[in-house]
Amino acid sequence: MYIHKKFKRSFALLACIVSFAAFGQSGEKFKVVLDAGHGAKDFGAVKNNFVEKNIALAVVLKVGRLLDKQPNVDVVFTRSTDVFIELVERANIANRANADLFVSVHCNSNPNSEAFGTETYVMGLTKVKSNLEVAKNENEVITLEADYKVKYAGYDPKSPESLIGITLIQEEHLDHSIAVASKIQDNFTQQLSRKSRGVKQAPFMVLHKTSMPSILIEMGFLSNKTEGQYLNSEEGQNEIAKAIADAIMGYKKEYYGGTSVENKIDKEALRVERPKEVVTPVKKDSAKAPVAKVPDTKKPEVKTPTVSTETKNDSKGVIFKVQISASGTKLDLVPSNFKGLENISMISEGNLYKYMYGETSDYEKAKQLVQDAKAKGFTSSYLIAFKNGKKISIQEALK
């Protein structure tokens, strides 16, 4: 592997440089905003005597406690008690904190009591009816807010697709959002043998307003009695919290550097006191008993990024590039499309085109390229590395 001259002195020096790479883009610490869905007068889904707002809060607090144990991680909660927080304020909290990642946690519900499994959403426009229905349920909370018609002018909570007419801030962060969402779904499948319903896109208001990679997790269906019991249990919440925390740390390690420390569950430390308020549905669910969760033994498909013919391949060793944006639109690689930046290349991954600026085998020069890109207005730019045309992690490149 390629080794920069300055990295040969000692392993300790290498560790310091890796650490610098990790936080050079977002400050000294990797900042995560954890958002427990609903709260107070907004109960969320209430099925089979399970209350979404309570389960979401319990899991979020557990995730926060696990992340607090990790080095160079700063956790911010949109709520840590049973209070009502407006959707736009949840996003504002993340934006004011200049967070690196926003994670909103929810529980699902469906008229079909046999529906079960996990799914994680990123912001996106879709015509898939089931995705729109989930977004509609989560977005309807704005009707509990004062002056919501003025505050959310142009948006109809009964028609989530009306967000199509509103500028999508999230598009430039879409690839990172998908990356962390995929890690969470993989952990649910591989660690917990949960059924994965996949990574999906839908127009969620809370994700639309954030200015960093953002995801919304639906941990499972409260309308499924078996899955609801699991989500409402201390053991289930501990397992889910660990899977989410591990995924966040895995994302941080891959995209920001540093190390991923194994989260060991301390059941006493993670124990969360249940909210005193207990809500019992007026009418019991008479649907037939749902099926139990079935382990998904199929290994998730891992997609390897396809290197565009418009991207230079380096066969001699490691090269660094600066990823400046990702979009569903294919652009001509000319300076006028990238705020005057030259030496633009592109890779395609799934339905996304990822645009990169510059190319160098010198890590110090690569860091300067990041600053150049940010000065041009690409504030979410970050380093990526390739070896023999294949994308690798920054840590692997620096070794």
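See the structure above.
Note that the coordinates shown come from a computational prediction; the quantities given were computed from them, not determined experimentally.

Asks: Would you explain the overall build of the protein in this entry?
Replies: Summing up its helical and strand segments, the protein has twelve helices and 14 strands in all. Out of the 399 residues belonging to the protein, those deemed buried represent 51%. Considering only contacts within the protein whose residues lie at least 6 apart along the sequence, 79% involve residues at least 24 apart. For the protein, the exposed surface amounts to about 18,600 Å²; the carbon and sulfur share of it is 50%.

Asks: Could you clarify how one ought to interpret the nonpolar core in this entry?
Replies: Nonpolar side chains in soluble globular proteins tend to be buried together. In this structure, Leu67 and Ile248 are the most contacted members of the largest nonpolar core, which totals 53 residues. Ranked by residues supplied to this core, first place goes to helix H9 (residues 234-256) with eleven residues. Shared between two domains, this core takes at least three residues from each, and those domains are domain 1 (30-256) and domain 2 (318-398). When residues no more than four places from it in sequence are discounted, the contact partners of Leu67 are Val32, Leu34, Val73, Val75, Ala245, Ile248 and Met249. With 22 residues, the next largest nonpolar core counts Ala366, Val370, Ala385 and Leu398 among its residues.

Asks: For this particular structure, what's the right way to read the pattern of salt bridges?
Replies: Pairs can form between side chains of opposite charge once their charged atoms are near each other. A full pass over the atoms with the stated rule returns twelve salt bridges. For Asp82, the salt bridge identified is with Lys53, shortest N-O distance 3.0 Å. One end of the pair, Asp82, is in the loop between strand E4 (73-77) and helix H3 (87-96); the other, Lys53, is in helix H2 (residues 52-68), with 29 residues separating them in the sequence. Lys53 gets classed as buried once you look at its relative accessible area, which sits at 1%. For Lys62, the salt bridge is made with Glu234, and the minimal N-O distance between the two is 2.6 Å. One end of the pair, Lys62, is in helix H2; the other, Glu234, is in helix H9, and 172 residues separate them in sequence.

Asks: Is there a simple way to explain helix H6 (residues 174-190) in this structure?
Replies: Since there are 3.6 residues in each turn of an α-helix, residues three or four apart along the chain are aligned in direction. Over its 17 residues, H6 runs 24 Å from end to end, which matches the ideal 24 Å to within 8%, given 1.5 Å per residue. The element H6 is extensively covered by neighbouring structure, given that twelve of its 17 residues are classed as buried. Within H6, the full set of buried residues consists of Leu174, Asp175, His176, Ser177, Ala179, Val180, Ala181, Ile184, Gln185, Asn187, Phe188 and Thr189.

Asks: Hey, could you run me through the sheet that holds strand E6 (residues 118-123) in this one?
Replies: Whenever strands of a sheet pair, they do so through backbone hydrogen bonds, lying parallel or antiparallel. The mixed open sheet is built from six strands, whose spatial order is E4-E1-E5-E8-E6-E7. Two strands close off the open sheet at either side, each with one partner strand: E4 and strand E7 (196-202). Averaged over all pairs of adjacent strands, the angle between their axes in this sheet comes to 20°, without regard to strand direction. Each of strand E1 (30-36), E4 and strand E5 (101-108) touches H3; the most contacted strand, E1, lies at about 170° to it.

Asks: Can you help me understand helix H8 (residues 225-232) in this one?
Replies: Buried within H8 we find Glu227, Gly228, Tyr230 and Leu231. All buried residues of H8 fall inside an arc of 160° around its axis, so they share one side. Contacts from the buried residues of H8 go to strand E3 (50-51), H2, E5, strand E8 (214-221) and H9. The N-cap residue of H8 is Asn224: its side-chain oxygen and the backbone nitrogen of Thr226 are 3.0 Å apart.

Rules used throughout
Residues numbered from 1 in each chain as written. Predicted model: local features only at pLDDT ≥ 70, side-chain atom pairs only at ≥ 80, totals over all residues. Heavy atoms only, no water. Helix = DSSP H or I, 4+ residues; strand = E, 2+ residues; numbered from the N terminus. Buried < 20%, exposed > 50% of the residue type's maximum accessible area, 1.4 Å probe, protein only. Contact = heavy atoms within 4.5 Å. Areas by Shrake-Rupley, 256 points an atom, 1.4 Å probe, with all protein chains shown as cover. Core = buried A, V, L, I, M, F, W, Y, C linked by side-chain atoms within 4.5 Å. Domains from an automatic or database assignment. Salt bridge = Lys/Arg side-chain N within 4 Å of Asp/Glu carboxyl O. Expected span 1.5 Å × (residues − 1). Pairing = 2+ DSSP bridges. Axes fitted to C-alpha atoms, helices over the stretch in contact; angles between N-to-C directions. Arc of directions from axis to C-beta. Polar contact = N/O pair within 3.5 Å; in protein donor to acceptor, adjacent residues only side chain to side chain.

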